[in-house]
Amino acid sequence: MATTELFLGAILVGLLVIVALLVQVYRAVQDTDSGVETDQVRAALSESLSAMEFDEAVSRIEDRAGEIETLHEDFDRLLRAPRERGEFGEVQLEVMLSDHLHPGMYGIREQVVGSKTPDAHVKTPDGIVAIDSKFPLDRYERFLAADDPAETADHKRAFRQAVEEQLAKIERDYVSPEAGTTDFAFAYIPSESVYYHLITEEYDLLREYTKRGVQVVSPLTLGHKLELLKTGAQARKLTEEAEAVLDHLTELGAQFEAVEEEWSTLERHVDNAAKRADDVDRELSSLRDAFDRIDRPSGEFNE
């Protein structure tokens, strides 16, 4: 709201400066004996403002101001209503997931951890990473709006307690490796100002729950975490593919050794067969010589 008011104020100041300059011109002309009629100056000023479409510009600015104010009120109402605020966080979360991950790697409002349904989840080789997007914005706003130091301290403690309760619930519901999750889950806070307050004022609380598996993230830090998860999944896939190739090569090597052994056996059989063929050939040659000797004497006697 403050930004809107500053923007509109700057435009109005610019228009007022122009009007002031025209008024100064009018007065200067009035104070000097230049022979220019006052009515002429008035007419010139009126004509100038008309040419500048001053009235129309002011009217348009007022219309835009009303539209911006209405939009701001709608947005403020959206963030104040718990259900609508949750839906807004889920929509923002879904947009971030679709920007960083391919569709098959994440899901929105699906029952993936036993009977529990996280606002979103990411599928990794090590299990499901659950993401919860609820946050106690109303408690935080009361803390910011408080003027009295004692009241501020009370609201700050209430806000811390609400955050701690939410983190404890995320730990109970979504840090459950036996149910298929990883050993950590994300508590997504769709407000950088709330996140900044937590890491500066409640760092010990966040550190304690990080050790217990609940990591508090903002839009900026969640994007970084999602990229790490995607890179890890890709690295795991490459490793699995490399292991599959290695297993295939090992299997081929074993098959090659089996074929080589069979070939060696066959080679021995062939070698033995060749030797046996040589023996048979020698025996056949001996028999042929014997027959020849039998045939030759008989021929010589007949002569």
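Details of the structure are given in the entry above.
Model, not experiment: these values are computed from the prediction.

## Topic: empty space enclosed by the protein
Then, number 1: All chains considered together, the criterion is met by one cavity of 30 Å³ or more.
Then, number 2: Counted as a void, the largest cavity has a volume near 70 Å³.
Then, number 3: Lining the largest cavity are K134, F135, P136, V163, Q166, L167, A187, I189, L198 and V216.
Then, number 4: The element best represented in the lining of the largest cavity is helix α6 (residues 149-174), accounting for three residues.
Then, number 5: When its residues are assigned to classes, the lining of the largest cavity shows eight nonpolar, one polar and one charged.

## Overview of a nonpolar patch on the surface
Then, number 1: Where nonpolar side chains cluster on the molecular surface, the patch consists of L284, L287, F291 and I294 and spans about 430 Å² of accessible area.
Then, number 2: Note that L287 resides in helix α9 (residues 219-302).

## Regarding the packing of helix α5 (residues 137-145) against helix α7 (residues 192-201)
Then, number 1: One can describe the packing of α5 onto α7 by two numbers: an axis separation of 11 Å at closest approach and a directional angle of 75 degrees. Comparing the axis directions of α5 and α7 gives the class roughly perpendicular. Here α5 contributes L137, Y140 and F143 to the contact with α7, which in turn contributes S193, V194 and H197.
Then, number 2: Here the contact of α5 with α7 is built from residues that sort into four nonpolar, two polar and no charged.

## Digging into the pattern of salt bridges
Then, number 1: Using the criterion set out here, one finds 11 salt bridges in the structure.
Then, number 2: Among the salt bridges present, the one from E202 reaches R160, with a minimum N-O distance of 2.3 Å. Here E202, found in the loop between α7 and α8 (203-211), pairs with R160, found in helix α6; they are 42 residues apart in sequence, far enough to count as distant.
Then, number 3: Take R160: its relative accessible area is 31%, and that puts it in the partly exposed class.
Then, number 4: Look at the salt bridges and you will find they share partners, linking R109, D119, D132 and K134 into a network.

## Brief notes about α7
Then, number 1: Here α7 has its buried residues at V194, Y195, H197 and L198. Along the axis of α7, the buried positions cluster into a sector of 160 degrees, meaning they face one direction only.

## With respect to unusual backbone geometry
Then, number 1: The backbone phi angle of R109 is positive, close to 50 degrees, even though this residue is not glycine.
Then, number 2: Within the secondary structure layout, R109 lies in the loop between β1 (106-108) and β2 (120-124).
Then, number 3: With relative accessibility at 42%, the residue R109 sits in the partly exposed group.

## Observations concerning α5
Quick reminder: α-helices carry 3.6 residues per turn. Residues three or four places apart thus point the same way.
Then, number 1: Looking at α5, one finds that the buried residues are L137, Y140 and F143. Considered in projection along α5, the buried side chains sweep an arc of 120 degrees and stay on one side of the axis.

## Here we look at the pairing of β2
Then, number 1: Counting buried positions over the five residues of β2 gives four, a clear majority of the element.
Then, number 2: Pairing between β1 and β2: three bridges, direction antiparallel. Along β2, the bridge assignment pairs I108 with A120.
Then, number 3: Adjacent in sequence and paired antiparallel, β2 and strand β3 (residues 127-132) are bridged by two residues.

## Re the pairing of strand β4 (residues 185-188)
Taken residue by residue, a regular strand's side chains alternate between the two faces of the sheet.
Then, number 1: Burial along β4 is two-sided: A185 and A187 and F186 and Y188, pointing in opposite directions, are all buried.
Then, number 2: Bridge analysis of β4 against strand β5 (residues 214-217) gives four bridges, and the strand direction is parallel. Bridge assignment links A187 to a residue of β5, and that residue is V216.

## Quick notes on the nonpolar core
Then, number 1: Counting residues in hydrophobic clusters, the biggest one holds 25 residues, and the most contacted among them are L167, V194, L198, V214 and V216.
Then, number 2: Of all the secondary-structure elements, those providing two or more residues to this core are β3, α5, α6, β4, α7, α8 and β5.
Then, number 3: By residue number, the principal contributor to this core is α6, which donates six residues.
Then, number 4: Not counting residues up to four positions away in its chain, the partners in contact with L198 are F159, V163, I189, Y203, L206 and V216.
Then, number 5: The next biggest cluster of nonpolar side chains, apart from the first, holds 17 residues, and it includes M96, V122, I131 and L229.

## Some points on the packing of aromatic side chains
Then, number 1: Summed over all chains, the structure comprises three aromatic pairs.
Then, number 2: Measuring from centroid to centroid gives 5.3 Å for Y140 and F159, while their planes differ by 50 degrees, and the two rings are tilted. Within this pair, whereas Y140 is found in helix α5, its partner F159 is found in helix α6, the two being separated by 19 residues in sequence. This pair shows no difference in class: Y140 is buried, exactly as F159 is.
Then, number 3: Geometrically, the ring pair formed by F184 and F186 is tilted, given 5.7 Å between the ring centres and 50 degrees between the ring planes. The residues F184 and F186 share a single accessibility class, namely buried.
Then, number 4: An aromatic cluster is built from Y140, F143 and F159, whose rings are joined through pairwise contacts.
Then, number 5: Here the basic side chain of R212 rests over the ring of Y209, its NZ or CZ set 4.3 Å away from the ring centre.

Parameters at a glance
Residues numbered from 1 in each chain as written. Predicted model: local features only at pLDDT ≥ 70, side-chain atom pairs only at ≥ 80, totals over all residues. Heavy atoms only, no water. 1 Å grid on protein atoms, 1.4 Å probe; cavity = no way out; pocket = protein on both sides within 12 Å on 5 of 7 lines; lining within 4 Å. Points joined across faces, edges and corners; volume = space filled by probe spheres on them. Helix = DSSP H or I, 4+ residues; strand = E, 2+ residues; numbered from the N terminus. Nonpolar A, V, L, I, M, F, W, Y, C, P; charged D, E, K, R; others polar. Patch = residues over 30% accessible without salt bridge, like charges linked within 9 Å, V, L, I, M, F, W, Y side chains within 5 Å. Areas by Shrake-Rupley, 256 points an atom, 1.4 Å probe, with all protein chains shown as cover. Salt bridge = Lys/Arg side-chain N within 4 Å of Asp/Glu carboxyl O. Axes fitted to C-alpha atoms, helices over the stretch in contact; angles between N-to-C directions. Parallel < 35°, antiparallel > 145°, perpendicular 65-115°, else oblique. Contact = heavy atoms within 4.5 Å. Buried < 20%, exposed > 50% of the residue type's maximum accessible area, 1.4 Å probe, protein only. Arc of directions from axis to C-beta. Pairing = 2+ DSSP bridges. Core = buried A, V, L, I, M, F, W, Y, C linked by side-chain atoms within 4.5 Å. Phe/Tyr/Trp six-rings, centres within 6.5 Å; stacked < 30°, edge-to-face > 60°. Lys NZ or Arg CZ within 6 Å of the ring centre and 35° of its normal.

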